[in-house]
Amino acid sequence: MNGRFIDNLPKVYGLYTGGFLVFIGLMAVLEQMGVSSDTLGILFVAFTIAIYAGIGWLSRTMQVDAYYVAGREVPAFYNGMATAADWMSGASFVAMAGGVYFGGYGYLAFIVGWTGGYVLVNSLLAPYLRKFGCYTVPDFIGTRYGGNTARLLAVIVLVVASFTYVTAQINATGTIAARALQIPFEVGVWFGLLGILLCSMLGGMRAVTWTQVAQYIVLIIAYLVPVFWMSNAQDFGLIPQFSYGAAVDRISELEALHGVGTLMPSEHFDGLRALTTPHAEAANSAMASWKFITLVMVLMCGTASLPHILMRYFTTPSVKDARRSVVWSLFFIFLLYFTAPALATFTKLQIMDPNLTTGIIGKSIADVQSLDWIQKWASVGFLAISDSNGDGLLQINEFFMRGDIVVLATPEIAGLPYVISGLVAAGGMAAAMSTADGLLLAIANALSHDLYYKIIDPEADTRTRLIVARILLIIIGAGGALVASLQLSSILGAVAWAFSFACSGLFFPLVLGVWWKRANRQGAIAGMAIGFLVGCWYLYHVRFAGGTPWLGLDHLRFGIVGMAASLIAMVSVSLATEEPDEETQAMVDAIRIPGGKTILDDAQ
Amino acid sequence: MSKKQAASLHWRRTRKLTFTTLAIWFFFSFVIHWFGAELNSFSFLGFPLGFYMAAQGSPIVFVILIIWSVRRQETIDEECGIAE
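In this report, we go over the structure that sits alongside the text.

What counts as what
Residues numbered from 1 in each chain as written. Chains lettered and ligands numbered in written order. Predicted model: local features only at pLDDT ≥ 70, side-chain atom pairs only at ≥ 80, totals over all residues. Heavy atoms only, no water. Helix = DSSP H or I, 4+ residues; strand = E, 2+ residues; numbered from the N terminus. Rg over C-alpha atoms; globule rule 2.2 N^0.38 Å. Buried < 20%, exposed > 50% of the residue type's maximum accessible area, 1.4 Å probe, protein only. Contact = heavy atoms within 4.5 Å. Lys, Arg positive; Asp, Glu negative; His and termini not counted. Charge placed at Lys NZ, Arg CZ, Asp CG, Glu CD. Buried area = accessible area lost by both parts, 1.4 Å probe. Salt bridge = Lys/Arg side-chain N within 4 Å of Asp/Glu carboxyl O. Polar contact = N/O pair within 3.5 Å; in protein donor to acceptor, adjacent residues only side chain to side chain. Nonpolar A, V, L, I, M, F, W, Y, C, P; charged D, E, K, R; others polar. Phe/Tyr/Trp six-rings, centres within 6.5 Å; stacked < 30°, edge-to-face > 60°. Expected span 1.5 Å × (residues − 1).

1. Considering the overall build of chain A
- When you go through chain A residue by residue, the secondary structure sums to 25 helices and 2 strands.
- Over its C-alpha atoms chain A spans a radius of gyration of 24 Å, differing by no more than 12% from the 25 Å that the globule rule assigns to 604 residues.
- Summarising its shape, the C-alpha atoms of chain A cover approximately 80 × 60 × 40 Å along the three principal directions.
- Expressed as a percentage of its 604 residues, the buried residues of chain A come to 63%.
- When contacts within chain A are restricted to residue pairs at least 6 apart in sequence, those whose partners lie at least 24 apart make up 81%.
- Put simply, chain A has 32 plus and 38 minus side-chain charges, and the middle of one group is 10 Å from the middle of the other.

What follows is the structure, encoded as structure tokens:
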């Protein structure tokens, strides 16, 4: 191949995608030849990680621009894929469909929130931050408002939000590695971290960008192939996403038949749930509607404040490309998110419908317990069956499982070959690794660029800066793995908190920095500090101190309280103090115009 | 048109586009889901409408909205002569 890597992207990733499909075919052949499912799982995970590590090695760099913003030469289409991988975490991949399975309509707030947030990113922030030309999100706060206090506060909020999120991702890589490679979870966590660091340490943002594109291709193939296969095998139509309406209706009938929502479980298994929520029944009280839309709001504003997402838009060649790459990001994310409810619906139907061969509810417990997938997942504690009423038949309230199973075990439930399960494991690994990479880099970059270079040692040379950045990456990664190995919280709980932390502290200081010229340093400091502290206090109040939530705003929604405090504090303090100087106001004017040099280049 | 006038016209039009975009976004993010139960009594493509809007309808609207909004913004940039 001639020319630079950047000019050959369609060829490189075309070959890569083709190669991956050939690899899947090869695994299918091996399966036919009698190679064990354990070996296939190991091959899938090891092969894909080896590819990512290879890309990470080829992208190594000692240039500041390449390390922090991938040289600002990532085309919109590829940045869209990288952002989608950065965005869709292990939780999105593994737990989203399971969430819809158990939560029904209420859980769809995650789908609405995690797509609509990108409208905010595009309209309010991404193009303006790209024009600004910063390396990190605190870099924008620090320069727009001036002074080290504002910069430091932004770093603190960034670290808390991203660290909460990254432990969940390392936890997910550990879980998948442990299962696929048959190693203990504690070892799996460190193995996952090693893979993550191989992708990011040598090449910073450049390496993370090109591995994330590769990871997106793996994760989207791994998510869509089983759904299409299953749907076509069961006659739901060629594009199941548009034709599962009938399945939703059928589930409503079966829910009445099986007593979903009326039969409550009488036993308890740690980490497992029985189905008790009707699938499509929408919020039918003002309180329920309010809870739905407040969750949507926290997730959207959190999306627009999470630094590992915003910094992806610093890597495009122009402001126009930054906007276009938000469009591509949303499109690539949408592909997975509009499939998740379809997958949840199909899986539920397969389990519940007595007319299907896969149906288990209402069948005899002895028969169900002899099924392969039941035995396999029960043996690792992912599901449990208990004949609570002793009638020998399996009722809906006697079948307990983990939400993750919907994605991980669906290929087996539907009787697809094991090669598909191996593919799904590789996809989950790709999703968790790509998000962990982006988050670790966001934290390490903020600490190395904003804390070390801008505040502690502005004289540091390029070499020292990049070495410090890498050392920090290892330390933070190890910290994350350590916390993850303690298994303190469930995967999804911690993820939702990260959104609330981020929007409590950063949403208004970022947005008003662009959209309100009058916003000044004192206002921003008050907005970040008070928003973040009030958010933290409220989380403590409802989650740990046993306080009663205000207006139904529970611990998943504490960002609403934080954001309100942040807005009030920022506006009132800004208005009570002097307006920003002319230089700052001119800077805001310049951010709003797409053409011309970036603000930071102009200043040098 | 001086550079300053162009910039101020550009920002006025950009602001208007942003408000329009966010108004549509607000409707499909919050307003419509407030009435999820009411919408569920209608059927769309075989789905209960409230379920459909949350699972698919709103995300599809967001994708179309963002494409439209970015195109409009590019036109505004060019017409004001301050595109890159």
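2. Looking at the overall build of chain B
- In terms of helices and strands, chain B carries 3 helices and 2 strands.
- What you see in chain B, going N to C, is helices and strands ordered as α-α-β-β-α.
- What you see for chain B is a C-alpha radius of gyration of 18 Å, clearly larger than the 12 Å of a compact globule of 84 residues, by over 25%.
- Projected onto its principal axes, the C-alpha coordinates of chain B cover approximately 55 × 20 × 15 Å.
- Here chain B holds 84 residues, and the buried ones make up 52% of them.

3. With respect to the interface of chain A and chain B
- At the junction of the two partners, chain A supplies 51 residues and chain B supplies 40 residues.
- Summed over both partners, the interface of chain A with chain B comes to about 4,000 Å²; 73% of that surface belongs to carbon and sulfur atoms.
- Taken together, chain A and chain B are joined by 2 salt bridges.
- Between A:Arg324 and B:Glu74 there is a salt bridge whose closest N-O contact spans 2.8 Å.
- Across the contact surface, chain A and chain B share 7 residue pairs in polar contact (both at pLDDT 80 or more).
- Listing elements by their share of the side of chain A that touches chain B, those giving two or more residues are α6 (108–132), α11 (245–258), α12 (286–303), α14 (319–337) and α15 (340–352) of chain A.
- With 12 residues, α6(A) is the single largest residue contributor to the side of chain A that touches chain B.
- Here the residues of the side of chain A that touches chain B sort into 33 nonpolar, 12 polar and 6 charged.

4. Observations concerning the packing of aromatic side chains
- One pass over the full model with this rule turns up 49 aromatic pairs over all chains.
- When the centroid spacing of 5.1 Å and the interplanar angle of 80° are considered together, the rings of A:Tyr101 and A:Phe102 count as edge-to-face. By the burial criterion, A:Tyr101 is buried, and A:Phe102 matches it.
- The interplanar angle of 90° and the centroid separation of 4.7 Å between the aromatic rings of A:Tyr244 and B:Phe47 together place this pair among those described as edge-to-face. Here the residue A:Tyr244 occupies a position in the loop between α10 (204–233) and α11, and B:Phe47 occupies one in strand β2 (residues 47–48), the pair thus bridging two chains.

5. With respect to helix α22 (residues 521–544) of chain A
All names here are of chain A.
- The end-to-end C-alpha distance of α22 is 33 Å, a good match for the 34 Å that 24 residues give at a rise of 1.5 Å each.
- Of all the residues in α22, the buried ones are Gly523, Ala524, Ala526, Gly527, Met528, Gly531, Phe532, Gly535, Tyr538, Leu539, His541 and Val542.
- The opening residue of α22 is Asn520, an N-cap whose side-chain oxygen sits 3.4 Å from the backbone nitrogen of Gln522.
- Positioned one or two residues after α22, Gly546 has a phi angle of 70°, which is positive.

6. What to know about the side chain of A:His258
Residues and elements named next belong to chain A.
- With respect to the helices and strands, the residue His258 is situated in helix α11.
- The class of His258 is buried, set by a relative accessible area of 11%.
- Excluding residues within four positions of it along the chain, His258 makes contact with Leu263, Met352, Pro354, Ile361 and Ile396.

7. Description of the pattern of salt bridges
Residues and elements named next belong to chain A.
- In this structure the tally under the stated criterion is 12 salt bridges over all chains.
- Ionic pairing is found between Arg250 and Asp353, a salt bridge with its closest N-O pair at 3.0 Å. Here the residue Arg250 occupies a position in helix α11, and Asp353 occupies one in the loop between α15 and α16 (365–369), the gap between them amounting to 103 residues.
- Arg250 gets classed as partly exposed once you look at its relative accessible area, which sits at 23%.
- Among the residues examined, Asp353 registers a relative accessible area of 6% and is labelled buried.
- Of the charged contacts in the structure, one is a salt bridge between Asp554 and Lys291, with a shortest N-O distance of 4.0 Å. Here Lys291 lies in helix α12 and Asp554 lies in the loop between α22 and α23 (558–576), a separation of 263 residues in the sequence.
- For Asp554, a relative accessible area of 18% puts it in the buried group.
- The class for Lys291 is partly exposed, based on a relative accessible area of 28%.

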